[in-house]
Each structure stands twice: as C-alpha cells, then as structure tokens.
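Letter by letter, the chains look like this.
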Amino acid sequence: MANIKSAKKRILVSQRNAEKNKSEKSAVKTAIKKVYAAIESGDKAAAKAELLSATKIIEMAGSKGVYHKNNVARKVSRITKAVNAMA
C-alpha cells in the first residue's frame, strides 16, 4: 500500500476509472452479441437496427478513451460487414 497521499489518491482514481472502463467494454460486447444474434435469427431489419445501436455504443466508448480509434473502426467494420453479408 502506498504511503504518500498523492499515491493513495492515484490508486483510488485508477480503480474508479478501471470500473468505468469495464462497464463500457461490457456494454460494447453486449451490443456486438445482439448484432450477431439478430444475424443468426435471419432478420435483416432487426440486424440493421442493432447495428445502428451497436455502432453508437462502440463509437461513444472510443470517444471516452476506452478503445483506440483503430480498434473502434475495426469493430464497427466487422459487424457492418457481417450485416451486409446477410442474404
């Protein structure tokens, strides 16, 4: 455990930030799973709706610094490609 006051504060701040990041990442994973579930069901309209929702969640997480911009672009690209590949 840290002895210096500023180091103790940094520990608390980093824990708080880690919890926020974990929550954001979980929301992103859930949104991506919903897109793939809609694809599996074969409902193209639902898949497109979930894609819009997931894209917004992923890009918001990227703007908050949870993900790097290239990681955001890759995730969005992959789910968009999967939805567009539906018959």
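The text that follows walks through the structure, step by step, so that each part is easy to find. Just so we're clear, the structure is a prediction, and the values are computed from it rather than from any experiment. (Residues numbered from 1 in each chain as written. Predicted model: local features only at pLDDT ≥ 70, side-chain atom pairs only at ≥ 80, totals over all residues. Heavy atoms only, no water.)

1. A few points about a positive patch on the surface
- Positive charge collects at one region of the surface, where K5, K9, R10, R16 and K20 lie side by side.
- Within the element layout of this structure, R16 appears in helix α1 (residues 5-41). (Patch = residues over 30% accessible without salt bridge, like charges linked within 9 Å, V, L, I, M, F, W, Y side chains within 5 Å. Areas by Shrake-Rupley, 256 points an atom, 1.4 Å probe, with all protein chains shown as cover. Salt bridge = Lys/Arg side-chain N within 4 Å of Asp/Glu carboxyl O. Lys, Arg positive; Asp, Glu negative; His and termini not counted. Charge placed at Lys NZ, Arg CZ, Asp CG, Glu CD. Helix = DSSP H or I, 4+ residues; strand = E, 2+ residues; numbered from the N terminus.)

2. Overview of the nonpolar core
- Residues I58 and I79 are the most contacted members of the largest nonpolar core, which totals 18 residues.
- Secondary-structure elements contributing two or more residues to this core are α1, α2 (44-63) and α3 (69-84).
- With six residues, α1 is the single largest residue contributor to this core.
- Beyond its immediate stretch of four places on either side in the chain, I58 contacts V28, I32, V72, K75, V76 and I79. (Core = buried A, V, L, I, M, F, W, Y, C linked by side-chain atoms within 4.5 Å. Buried < 20%, exposed > 50% of the residue type's maximum accessible area, 1.4 Å probe, protein only. Contact = heavy atoms within 4.5 Å.)

3. As for the environment of M86
- Structurally, the position occupied by M86 is in the segment after α3.
- C-alpha separation for the pair M86 and A61, spaced 25 residues apart in sequence, amounts to 27 Å.
- With sequence-adjacent residues up to four places away left out, M86 is seen in contact with I39, G42, D43, K44 and A47.

4. Here's the deal with the packing of α2 against α3
- Viewed as axis vectors pointing N to C, α2 and α3 meet at an angle of 180 degrees, and their least axial separation amounts to 10 Å. What the angle tells us is that α2 and α3 run roughly antiparallel. Between α2, through K44, A47, K48, L51, A54, T55, I58, E59 and G62, and α3, the contact on the second element is made entirely by V72, K75, V76, I79, T80, V83 and N84.
- Here the contact of α2 with α3 is built from residues that sort into eight nonpolar, four polar and four charged. (Axes fitted to C-alpha atoms, helices over the stretch in contact; angles between N-to-C directions. Parallel < 35°, antiparallel > 145°, perpendicular 65-115°, else oblique. Nonpolar A, V, L, I, M, F, W, Y, C, P; charged D, E, K, R; others polar.)

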